[in-house]
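Each chain, letter by letter, is given below.
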Amino acid sequence: MGTINGSRSRIVVLGAGFGGLNCALGLERHLGAEEVEVVLVDTHPYHLLTPALYLAGTGETANRAVCIPLSEILKTTGIRFQRGTVESIDRDRHEVLLDSGPLSYDTLVVALGNNTDYFGIPGLREHAIPFKSIYDAGHLRHRLKEELDERRNAPIKIVVGGGGFTGAELVGELAPALKLWGDGRQTATQNTIIEAGARLLPTLGAKVSERVSDRLRRHDVSIRVDSMIKSVSNVSVELSSGERLAYDILLWTGGVSGRDRDWLPGAARDHKGNYFVDRWLSLPDDGCFVLGDMAAFTDPRTGKPVPATAQTALEQARYLSANLARLHFEWTPHPYRPRHNGFLIPVIRRYAIIDLTAPARAIISGRIAFWVFEALMLRYLLGILPARKAWGHWRAWLRGLNEAQTKIDSAIDEERPEEEAA
Ligand SMILES: Cc1cc2nc3c(=O)[nH]c(=O)nc-3n(C[C@H](O)[C@H](O)[C@H](O)COP(=O)(O)OP(=O)(O)OC[C@H]3O[C@@H](n4cnc5c(N)ncnc54)[C@H](O)[C@@H]3O)c2cc1C
């Protein structure tokens, strides 16, 4: 690694999401502030816990529990946080152009994530609420409240486009959450999830997909598979079959991609606009590293692209920070070897399903799987925050969850005494 003006080498990390933040923290751990200057850049001053975002969209107190201020995370580290929006990257000049001005680097790590993709479906961008940011969660809450106020006891028709993780988590949580809002009114909803593939969660095994679908159906979610949204008006969606589905609220969780921006001109990209990286998560023949959702990496063991998940971004961040330290000390670098242990998906109330792929193949569902989710959340928070702060955030998250869940439990139990034991 070279140096800027003969001073410490500067590593600039773009994006403080799962990949970027954890890479910066790893660099600090492996190298320390004396060896390198680590600058972390993000538009937002917080780190967003996307796996818990559905709580912010459906509950009232969860906003602060899913947005952790970067100042709290970085306070005891030597990492410099620079708030700003990346406008372009000049790899020849080793410079990032931020809205506040240029920032030079010796080594660059790009982890800017992906954006909602509307696939050019007419009317979708105009009428649907995406679900990717804390603003989207706020927008959803606002729309739910508006509908509640307007229609009192009439059912609210909610359509969710996209049967992946986000769509499945969200659609299940909507009906119970809505029943509690306002002044105790019991408002019915008609919830529909639309998936273009043959089943929900097409990236997971058929058994897991079936369990998730069963649970959603038991909570009156209508599931439409093999259905593509062809166009959207302000009152209905038109499906590929020609059928029209009326909606009051339309959510779009059907896909993310990087197609709308090219941060690294000249670098090869896949059909989703993600950058092909080599075994070192680097652009070939370039000192620029890419990780997380933006990186297109094929697992040499399976021949398949690694999934775009928080878990992958975290694993890549740990790998890359350790490897950049090796490069710094001129030790032989190790190639990246993905280790994928499975998926966890929360599905309505304190219930989750785990699709375990290693060390053994197994499916675990129910409350016990949700406890694993809670434990993983604590472990993650302990990895990015001092222990006391991590504990405090986790408790706040659980408290918000428990308050919402207790209310939700009683509302559902009133209606559904024969509800299955978790
Ligand atoms: C609602 C939802 C639920 C999810 N649930 C799960 C789950 O349960 N489990 C799981 O494993 N994965 C889940 N994911 C996927 C997971 O969030 C992503 O795979 C992961 O966040 C990718 O990490 P990343 O670092 O690549 O990008 P991100 O975490 O998206 O981080 C990108 C960062 O870059 C910043 N940024 C973007 N553009 C700019 C710019 N121009 N200038 C400056 N900063 C910028 C953003 O503010 C953000 O902080 C979920 C995603 C969503 C949206």
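Preceding this paragraph is the structure being described.
In short, a report on the structure. (Residues numbered from 1 in each chain as written. Predicted model: local features only at pLDDT ≥ 70, side-chain atom pairs only at ≥ 80, totals over all residues.)

1. Structural notes on the overall build of the protein
The helix and strand tally for the protein stands at 11 helices and 25 strands. Scored against the burial criterion, the 422 residues of the protein give a buried share of 41%. For the protein, long-range pairs separated by at least 24 residues make up 64% of all intrachain contacts whose partners lie at least 6 apart in sequence. (Helix = DSSP H or I, 4+ residues; strand = E, 2+ residues; numbered from the N terminus. Buried ≥ 20, exposed ≤ 12 C-beta atoms within 10 Å, placed from the backbone. Contact = placed C-beta atoms within 7 Å.)

2. Comments concerning the site of the ligand
Not every one of the 30 residues close to the ligand is listed here, only the nearest: Gly15, Gly17, Gly19, Gly113 and Gly292. Elements represented by at least two residues in the shell around the ligand include exactly helix 1 (18–35), strand 2 (36–42), helix 7 (165–184) and helix 9 (310–328). A class-by-class count of the residues in the shell around the ligand yields 14 nonpolar, 13 polar and 3 charged. Here the shell around the ligand spans two domains, since at least three of its residues come from each of domain 1 (9–114 + 258–340) and domain 2 (118–254). (Near = placed C-beta within 6 Å. Nonpolar A, V, L, I, M, F, W, Y, C, P; charged D, E, K, R; others polar. Domains from an automatic or database assignment.)

3. Some remarks on the pairing of strand 1 (residues 9–14)
Taking burial as the measure, the 6 residues of strand 1 include 5 buried ones, the bulk of the element. With helix 1 bridging strand 1 and the parallel strand 2, this β-α-β connection has right-handed handedness. (Right-handed = clockwise from strand over helix to strand, strands pointing away.)

4. Topic: the sheet that holds strand 8 (residues 101–104)
Pairing is antiparallel across the open sheet formed by 3 strands, whose spatial order is 6-7-8. With partners counted over all chains shown, the strands left at the sheet margins are strand 6 (86–90) and strand 8, one partner each. Adjacent strand axes in the sheet meet at a mean angle of 25°, parallel and antiparallel pairs treated alike. In terms of strand pairing, strand 6 meets strand 7 (residues 95–98) through 4 bridges, oriented antiparallel. Its bridge partner lying in strand 7, isoleucine 89 is registered against valine 96. (Pairing = 2+ DSSP bridges. Axes fitted to C-alpha atoms, helices over the stretch in contact; angles between N-to-C directions.)

5. What about unusual backbone geometry?
Unusually for a residue other than glycine, phenylalanine 119 sits at a positive phi of about 50°. Turning to its location among the elements, phenylalanine 119 is positioned in the loop between strand 10 (115–116) and helix 5 (124–127). The class for phenylalanine 119 is partly exposed, based on 14 C-beta atoms found within 10 Å. Of note in the backbone geometry, glutamate 330 takes a positive phi value of approximately 60° without being a glycine. Of note, glutamate 330 is situated in the loop between helix 9 and strand 23 (342–346). Of the residues examined, glutamate 330 has 8 C-beta atoms within 10 Å and is grouped as exposed.

6. What to know about the environment of arginine 141
Along the polypeptide, arginine 141 turns up in helix 6 (residues 134–151). Arginine 141 gets classed as partly exposed once you count the C-beta atoms within 10 Å, which come to 19. Along the backbone, arginine 141 and threonine 58 are 83 residues apart, and their C-alpha atoms lie at a distance of 6.2 Å.

7. Describing helix 8 (residues 206–218)
The end-to-end C-alpha distance of helix 8 is 18 Å, a good match for the 18 Å that 13 residues give at a rise of 1.5 Å each. The set of residues buried in helix 8 consists of Val208, Ser209, Val212, Ser213, Arg215 and Leu216. The buried residues of helix 8 all sit within an arc of 165° when viewed along its axis, so they share a single face. Exposed and facing more than 90 degrees away from the buried side of helix 8 are Ala206, Lys207 and Arg217. Aspartate 220 occupies a position one or two residues after helix 8 and carries a positive phi of about 65°. (Expected span 1.5 Å × (residues − 1). Arc of directions from axis to C-beta.)

8. Examining the nonpolar core
Among soluble globular proteins, nonpolar side chains are generally buried collectively. Within the largest apolar cluster, 111 residues are counted, with the highest numbers of intra-cluster contacts made by Val13, Leu14, Val109, Val110, Ala168, Val290 and Leu291. Residue contributions to this core peak at 8 residues, all from helix 7. Both domains that furnish three or more residues to this core are identified here as domain 1 (9–114 + 258–340) and domain 2 (118–254). When near neighbours in sequence (up to four residues on either side) are disregarded, valine 109 contacts Ile11, Val13, Leu14, Gly20, Cys23, Phe289, Leu291 and Leu320. (Core = buried A, V, L, I, M, F, W, Y, C linked by C-beta atoms within 7 Å.)

9. Notes on the environment of leucine 14
Inspection of the secondary structure puts leucine 14 in strand 1. Here leucine 14 falls in the buried class, since 26 other C-beta atoms lie within 10 Å of it. Once you skip the residues sitting within four places of it in the chain, leucine 14 turns out to touch Gly20, Val41, Val86, Val96, Val109, Val110, Ala111 and Leu112.

10. Section: helix 6
Over its 18 residues, helix 6 runs 26 Å from end to end, which matches the ideal 26 Å to within 8%, given 1.5 Å per residue. By the burial criterion, the buried members of helix 6 are Ile134, Ala137, Leu140, Leu144 and Glu147. Looking straight down helix 6, one finds that the buried residues subtend no more than 150° of arc, so they occupy a single side. Among the exposed residues of helix 6, those oriented more than 90 degrees off its buried face are Tyr135, His142, Glu146, Asp149 and Glu150.

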